[in-house]
Amino acid sequence: MRGSITVAAALTLPFDTPRRSELVLIAYLVAAITLLGQGLTLPAVIRAAKVSASSADRVGREQRDLIEDLYEAGLEKLDELAATVQDDGQEATLARVRDDLVSERDSLDRRADLDARSEVEDYCRIRLEVVAAQRDALDGFERRGRFSSQSIRAALGMLDRDEMRLSSVEREKS
């Protein structure tokens, strides 16, 4: 895109403009020189800024540390909530949330080690196809009246959440 506006502007000059062909040539040359100049000097700028693969590793470690701290904050909040629980239903829900958080936290390294970006993309794409098939099945169940509308709404909410989560991961990776 760089330089295209300059070239486009030069090309829109009326044909009877004096020295039009020279102006168009100059626009092309300026665009080409700036592209080549900036493109060829970029590696030197990166070296001068001392951007290295270790910087990317540092950022990755920092992100993992941040996410681990977030899980710890969530577990601390669950401890606070557990102190105020008054019925068994809430205790079971808190236990399930705790199990989910611990499981997610323990799988951080495994998720961080997903080697190829394509593996994550493939996983999300396949899961989205599965969610679409589940939606189709849910539509069929609803038409046949096999389940109550309340159950259908709950299942639809679950599928919506899965699809939203998977879509956001897919968008984030692209």
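Preceding block: the structure.
So, here's what we can say about the structure. (Residues numbered from 1 in each chain as written. Predicted model: local features only at pLDDT ≥ 70, side-chain atom pairs only at ≥ 80, totals over all residues. Heavy atoms only, no water.)

1. A closer look at helix α2 (residues 20-48)
Right, on to step 1. Over its 29 residues, α2 runs 41 Å from end to end, which matches the ideal 42 Å to within 8%, given 1.5 Å per residue.
Right, on to step 2. Within α2, the axis deviates most sharply at L42, by approximately 40°, and proline P43 lies no more than four positions further along.
Right, on to step 3. When we look at burial in α2, the residues that qualify are R20, V24, A27 and A31.
Right, on to step 4. Here the buried face of α2 lies against α1 (4-11).
Right, on to step 5. Positive phi appears at K50, one or two residues downstream of α2, with a value of about 60°. (Helix = DSSP H or I, 4+ residues; strand = E, 2+ residues; numbered from the N terminus. Expected span 1.5 Å × (residues − 1). Bend = angle between axes of the 7 residues up to and from the residue. Buried < 20%, exposed > 50% of the residue type's maximum accessible area, 1.4 Å probe, protein only. Contact = heavy atoms within 4.5 Å.)

2. What about the nonpolar core?
Right, on to step 1. If you look at the biggest cluster of nonpolar residues, it comprises eight residues: V120, C124, L128, V131, L138, I152, L159 and L166.
Right, on to step 2. At the level of secondary structure, the elements contributing two or more residues to this core comprise α6 (117-144) and α7 (149-173).
Right, on to step 3. Per element, the largest residue contribution to this core is five residues, and it comes from α6.
Right, on to step 4. With sequence-adjacent residues up to four places away left out, V131 is seen in contact with L159, D162, E163 and L166.
Right, on to step 5. In terms of nonpolar packing, the next biggest core, distinct from the first, is built from six residues, L75, V85, L94 and L101 among them. (Core = buried A, V, L, I, M, F, W, Y, C linked by side-chain atoms within 4.5 Å.)

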